[in-house]
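Summary of structural features
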Amino acid sequence: MVVSTEPQGCPQASPGLDYDAIIIGAGISGMYQLYRLRELGLRVRVLEAGTGVGGTWYWNRYPGARFDSESYSYQYSFSQELLEEWNWSEHFAGQPETLRYLNYVADKFDLRRDIQFRSRVTAAHYQEKDRAWDVTLEDGSKHRARFLVTAVGPLSAPTMPRIEGVESFAGQRFHTATWPHEPVNFAGKRVAVIGTGATGVQAIAEIAKTVGHLTVFQRTPNWCKPLHNGPIDAASQARIKATYPEMFRRCQETYACFIHTPDPRGTFEVTPQEREAFLERLYATPGFGMWQGNFRDMLTNREANAVISAFVASKIRERVKDPKVADKLIPKDHGFGTRRVPMETRYYEVYNQPNVELVDIKETPIERITRTGIKTSEREYAFDIIVYATGFDAITGSFDRIDIRGAGGIKLKNRWSGGPKTFLGIQVEGFPNMFMLVGPHTALGNIPRSIEYNVEWVARLIGYMRERNLTRADARPEAVADWTDYVKEAGRGLLSNEVDSWMTGINSNVEGKQTRILARYSGSAPAYRARADEVAGGGYRELALA
Ligand SMILES: Cc1cc2nc3c(=O)[nH]c(=O)nc-3n(C[C@H](O)[C@H](O)[C@H](O)COP(=O)(O)OP(=O)(O)OC[C@H]3O[C@@H](n4cnc5c(N)ncnc54)[C@H](O)[C@@H]3O)c2cc1C
């Protein structure tokens, strides 16, 4: 176990407890929750599996890893000083810069002294007698705290494909989410990438720049859209910074906290020429505009979605020289925007390179990984390096990997069999004093905007409890039922909820995740916040407080 560094003047936890609060995870959520709980005078411990802060941006060091949110719309907004001090060098920063930023935040607010690294939590059990959580680490050490905040990440439990022989490959192999801290050299190498989701698309475009020969194994093509990234020069820096207050206000108003907001027009309320011109403009606009700022009915009206999908398909055909390859890259099982849209930089052009090959594994499935490479139903390929861009057991995966038990020993995994049930995505009935950040059923979108809100909501609740000497907060069953119904209702009519994806709880690489569930809240972020504000403003009647 890592030896803690005790600061001078650290507050004492309540009697019988090691800490007032334990936070699992030192990503954007955990770091900010630590900051806020410390402000309340709590004695807090953050337990983090990695060796540094940053979560997503600590782990995902694969080539090409970068934001799809604008750097400035993604950053923390809580500190004016931090906003003034930090200058983003690109509109969509790469992972190294984001990790530097999060380390800067950790230093600036002296967060590290309460974070214990190399500390993977394996169990968290609630003890009713003491109204406390006993948290166990991989090394067997135990820590007790009144409150447990899970900041374990929506995309932080990597999954490997369920293919025979993964262990037998004698060359180098990497999962994008556990990428080594040293650069990997692809020059002159025969490289395989398995997976063409948001990560695969970023990695493939970068690896193709130096690779000897690249073979991409694709199961499901995604609708990708050019990122149009660029550096931020001094004049733009000044202009962007001057608009921070307005930009953050805008992020509070939009559906998913992005700076983009849907066009109020319906797809068929304009002439075909106007539609074409609008779509051309969106395609040429940096970032998620084509996804988040398209015609208002794109994600609810099948015909509208089909028109927009056809437009993006025509772009793929324009960019990929071989029509057969282009056809393989065009999704047939879902429409544009109904799954997370990967942002790309010259991704489609990669397939025009003579040293790049695309293998459709729905046509010729991978049978096994061998000592020397990959065997499909058609042939055997030899590789020096295999890259698994096979994603995550999303949203509930990082919870499932911890043995979490609430009052009476009930397991969270059992409570959530058939799909998560939560109150505001923050609490689960029967798991008192456990608060989830970016758990299921909370607003996501441009995630740090939702993180800041939820962290502050949790801090406000804990502050409320401490002022009144309350030591137990549990969601009332009727509040959970109401919220679960609301989440269901909010997702009605959305084409994305009719598609298999991590957003609907499907992961063919994880046993038991082949049935769609209500994994996320797909209503608007403003509506989410309005409901959560109402709960706080009304004195938390939806919670049983004692
Ligand atoms: C490649 C990639 C790109 C992304 N790009 C964007 C983007 O452009 N815009 C956007 O809004 N979102 C993006 N996301 C989503 C991203 O995950 C969130 O924006 C945000 O980083 C989540 O922060 P978090 O602190 O909640 O979780 P994370 O950053 O995932 O941090 C969770 C931390 O918890 C730790 N942890 C988990 N389980 C345990 C355990 N049992 N014991 C101890 N520690 C544990 C992990 O090690 C990790 O450090 C991206 C995700 C990925 C993977």
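These numbers were taken from a predicted model, which means no experiment stands behind them.

What counts, and at which threshold
- Residues numbered from 1 in each chain as written.
- Predicted model: local features only at pLDDT ≥ 70, side-chain atom pairs only at ≥ 80, totals over all residues.
- Heavy atoms only, no water.
- Helix = DSSP H or I, 4+ residues; strand = E, 2+ residues; numbered from the N terminus.
- Buried < 20%, exposed > 50% of the residue type's maximum accessible area, 1.4 Å probe, protein only.
- Contact = heavy atoms within 4.5 Å.
- Areas by Shrake-Rupley, 256 points an atom, 1.4 Å probe, with all protein chains shown as cover.
- Lys, Arg positive; Asp, Glu negative; His and termini not counted.
- Charge placed at Lys NZ, Arg CZ, Asp CG, Glu CD.
- Near = heavy atom within 4 Å.
- Polar contact = N/O pair within 3.5 Å; in protein donor to acceptor, adjacent residues only side chain to side chain.
- Nonpolar A, V, L, I, M, F, W, Y, C, P; charged D, E, K, R; others polar.
- 1 Å grid on protein atoms, 1.4 Å probe; cavity = no way out; pocket = protein on both sides within 12 Å on 5 of 7 lines; lining within 4 Å.
- Points joined across faces, edges and corners; volume = space filled by probe spheres on them.

Here we come to the overall build of the protein. Within the protein, the secondary structure is distributed over 17 helices and 20 strands. Dimensions of the protein along its principal axes, counting C-alpha atoms only, are 70 × 55 × 50 Å. Burial statistics for the protein: of 546 residues in total, 59% are counted as buried. For the protein, contacts bridging at least 24 residues in sequence account for 71% of all contacts bridging at least 6. Element-wise, carbon and sulfur atoms account for 50% of the exposed surface of the protein, whose accessible area totals about 22,300 Å². Computed over 68 positive and 65 negative side-chain charges, the separation of the two mean positions in the protein equals 2 Å.

Across the 10 residues that make up helix α6 (residues 198-207), a large majority, eight, are buried. Of all the positions in α6, only Thr199, Gly200, Val201, Gln202, Ala203, Ile204, Ala205 and Ile207 are classed as buried. Where α6 is buried, its residues contact β8 (190-194), β9 (213-218), β11 (343-344) and β16 (385-388).

In the vicinity of the ligand lie 34 residues, with Ser29, Glu48, Thr56, Ser69 and Tyr74 positioned nearest. Between the ligand and the protein, one listed contact pairs an oxygen atom with a side-chain N or O atom of Tyr74 at 2.6 Å. Take Gly445: an N or O atom from its main chain is 3.4 Å from an oxygen atom of the ligand. Here the ligand has 980 Å² of accessible area as a free molecule, and 95% of this is covered by the chains. When residues of the shell around the ligand are traced back to their parent elements, those giving at least two are α1 (28-39), α2 (56-59) and α15 (447-467). By residue class, the composition of the shell around the ligand is 19 nonpolar, 12 polar and three charged.

Right, let's talk about the layout of surface pockets for a bit. Approximately 570 Å³ is the volume found for the second largest pocket. In this structure, the second largest pocket is lined by 31 residues; those nearest its centre are Pro63, Gly64, Ala65, Arg66 and Glu206. Of all elements in the fold, only α5 (95-108), α6 and β11 reach the threshold of two or more residues within the lining of the second largest pocket. Classifying every residue of the lining of the second largest pocket gives 15 nonpolar, eight polar and eight charged.

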